[in-house]
Amino acid sequence: MSEKLPKSKAYNITCFYSLLILLAKLFLVVLLTFFIHRLIFLLVYIGIANLRDDILLIAKAFLVGIRFDSVVALYGLLLPFVMALISIFVMPQDLSQCNRMKRWIHYYGIVMFILFNLISVVDFYFYKFFQFHINVLFFGIVYDDTKAVLKSVWTDYPVVKILLFLGFVVAIYWIILKKLIQKNYNLSVIFNWKHGIAIIGTIVLYAIGLRGSLGTFPLETEDSVICDNSLINTLTLNGVFALKTAISEKAKQNIDTDVQKRLIKNGFKDARDPIGYYLGRTVVENDHLEDLLISKTQEDSFLISHPPNVIFIQMESFGSFYLDLHTATLNVLGSLETSLGDCIMYRNFLSGTSGTIGSLEGLLVGCPMNPLSQSTYMNCPLNSSVAMPFKNAGYFTNFITSSELGWRNLDKFVKYQHFDAVEGAEKLLEVVEHSSRCEWGVFDEYLFERAFQILKSPGEKAKFIYAMTTTNHTPFELPEHYKPFPVSIPQNIVNSLRTSQDIAVKNFTNFQYANDCLGKFIDRVKNSELGDNTIIAASGDHNTLQLFNFSDRQTLQKFAVPFILYIPKKYMRQSLVDTSRWGSHKDVFPTLFHLALSNAPYINTGVNLLDTLSSDNFGIINYNVAMDKTGCVNYQSNPLYYKWSDEGSKQLSPTSTTGSPELLSLYKRARSYHASMCYYIQTELIKCKQ
């Protein structure tokens, strides 16, 4: 006969509590499982000899690892947790039903532990081969010769021993779970409002645990980077979380090396056509197309003997539109206001894309297909890297960012792009005194402090630095010590806001802080011994679109970012500079190469904006909106054409192409540029995988 509960629905809570205790113990078993795998990983790949020097960092890695393990455990136990909740309302007045659910959880737990251990073992050997946790490269078994890959696995790895180990592990778990299931919890609970609150609290805590964070963003892979020691950073992740991330990145991956397919998509049948049109020359059958896309700076004996330091700063959400709002009472510039007097600034200028990673990859390697850093090509060194011309010229090349290096796999991608050093928030917190962090990494001022440290560091080599800021981003945090300039929003701007005024104040103040940091950095360099031999360039990764709506007439305001140049007098060869020229991110490094390097080859992504012999150029964003002095063409779908309303106007008006061959030419130049860059990058990626 089955055991009966008293005739009261109040006793249904008894089964829930019983199941909850069981799930809590299973949760602890999962944490113990991942702890053991992490310990094995530590002993095999880091070794006992290194424990003494890095014991505190290793301890931190294990503690951070618990967060990742907890997220995996809670997701693994989510289904039985939901069923336990349902049992409160539908469980019959019969304890045998509750016992059946426990037995089901027993089998469910066995399957879960088999999967977790199997994935962890695969991750262990994946790391042994690739020096990474499981990532999108894991799916290479589909794209490679699958039979050959499986054969390699069989011959190169102890498959039989692994299977025997897993069998032993399953037996251990079977015994542990059976003992847990057999344990009876003799609870006699009468449901009341206190238990209702307890249940709601349990659900809330479970939901927080699934996020793995109390902050703005849930726990993500970039949180696994805790220092500048990549080996220690690998301890934080577990294989299951790494696989989850890999699956997510695989879904986002859109890097296609089918050259012909991409050409057709861009409206061409043969690569010679777009390359010829983009370069303004006839391309014959015998021409080597990749070589045609290589340009070279002029030979300059002064640059050979006096190479300048060069730093390019990719500023987070540094849009031009906000610059026009600057007043004494709505101060969005901070110290940059006075610094701009010694700088050149281009305003008819577009970011490469509307997202940080797209703009970064466009600037860094000229790639129009992204995210490259989250694809199977993340570890491909590209000849289009902007660090390569500097490195070949004898420079020491640095990449620094105030974000965690784990963001978008920068730690795995950037280091292959010819940089001598790659540093993120972890390093900055270590080497910059009194540094502190925000949601997106380290506050900008500490990135600029680190950049100054690098520029001042001893050594005969000139320095090239690519720096990426992150502070000017929601949730708009500022250092406690920062004292903002006035930010009072006039009524006419308040009336046009699409957000609350409080959010706008935070946005403007964060924008001001980032600009203040940039301005102070320019002034600091300019007024130091570095001032006469350091070129500083800065541009935004994209505009911020949070506060205002933009019409088609305001396409420039929507997408424009400034391009700022500080050039010491002895490196400024032009007496006249046309800052009304059109351009975009594609033109940043061709300009810098010509300023700093002699006889240096580079990928022809754009033009030297300081070249007085040529005034014709265009800007392009997202590889589907192009602008020049004639107007704008938007070809996200069918091309839409616009002309400037009047000479010098920043407003656009729709038009047809009738009588406007210039707009048709702009459309074809933009598509030719895109197709040419795709062709170059695709051929590079194909060579890499060969």
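Attention in this report is confined to the structure presented alongside it.

Spatial ordering of the open sheet is given by 14-15-16-17-18, a layout of 5 strands whose pairing is antiparallel. Of all strands in the sheet, those bounded by a partner on one side alone are strand 14 (619-621) and strand 18 (652-655). The sheet shows a mean angle of 25 degrees between the axes of neighbouring strands, taken without regard to direction. Bridge count for strand 14 against strand 15 (residues 625-627) is 3 bridges, and the pairing is antiparallel. Directly across from Gly619, in strand 15, lies its bridge partner Met627. With respect to the sheet, helix 26 (residues 661-689) is in contact with strand 14, strand 15, strand 16 (631-634), strand 17 (640-644) and strand 18, its orientation differing from that of strand 16 by roughly 55 degrees.

Let's shift gears to the sheet that holds strand 6 (residues 421-423). Sheet strands associate in pairs through backbone hydrogen bonding, adopting either a parallel or an antiparallel arrangement. Here we have 7 strands laid out as an open sheet, ordered 3-11-10-2-9-5-6, and mixed in their pairing. What marks the edges here is a single partner per strand, and that holds for strand 3 (344-346) and strand 6. Neighbour-to-neighbour, the strand axes of the sheet open up by a mean angle of 10 degrees, direction not taken into account. Sheet analysis places strand 5 (residues 396-401) next to strand 9 (residues 463-468), joined by 6 bridges and oriented parallel. Each residue of the ladder has a partner; that of Thr397, found in strand 9, is Phe464. Here helix 21 (residues 444-456) sits on the sheet and contacts strand 2 (309-315), strand 5, strand 6, strand 9 and strand 10 (534-540); the angle it forms with strand 9, its principal contact strand, is near 175 degrees. Set on the sheet, helix 23 (residues 501-526) makes contact with strand 2, strand 10 and strand 11 (563-566); between it and strand 2 the angle comes to about 175 degrees.

Attention now moves to unusual backbone geometry. At the junction of Asn370 and Pro371, the peptide bond is cis and its omega measures out at 5 degrees in the coordinates. Note that the residue after Thr474, namely Pro475, is joined by a cis bond; omega there is 10 degrees. Note on placement: Pro475 falls in the loop between strand 9 and helix 22 (491-494). Positive phi values are uncommon outside glycine, yet His434 reaches one of about 65 degrees.

Quick look at the nonpolar core now. Formed by 82 residues in total, the largest nonpolar core has its most connected members in Phe464, Tyr466, Phe589 and Leu592. Per-element tally for this core: the top contributor is helix 26, with 12 residues. For Leu592, the residues in contact, after removing those within four places along its chain, are Val310, Phe312, Ile535, Ala537 and Leu565.

Conventions used here
- Residues numbered from 1 in each chain as written.
- Predicted model: local features only at pLDDT ≥ 70, side-chain atom pairs only at ≥ 80, totals over all residues.
- Heavy atoms only, no water.
- Pairing = 2+ DSSP bridges.
- Helix = DSSP H or I, 4+ residues; strand = E, 2+ residues; numbered from the N terminus.
- Axes fitted to C-alpha atoms, helices over the stretch in contact; angles between N-to-C directions.
- Contact = heavy atoms within 4.5 Å.
- Core = buried A, V, L, I, M, F, W, Y, C linked by side-chain atoms within 4.5 Å.
- Buried < 20%, exposed > 50% of the residue type's maximum accessible area, 1.4 Å probe, protein only.

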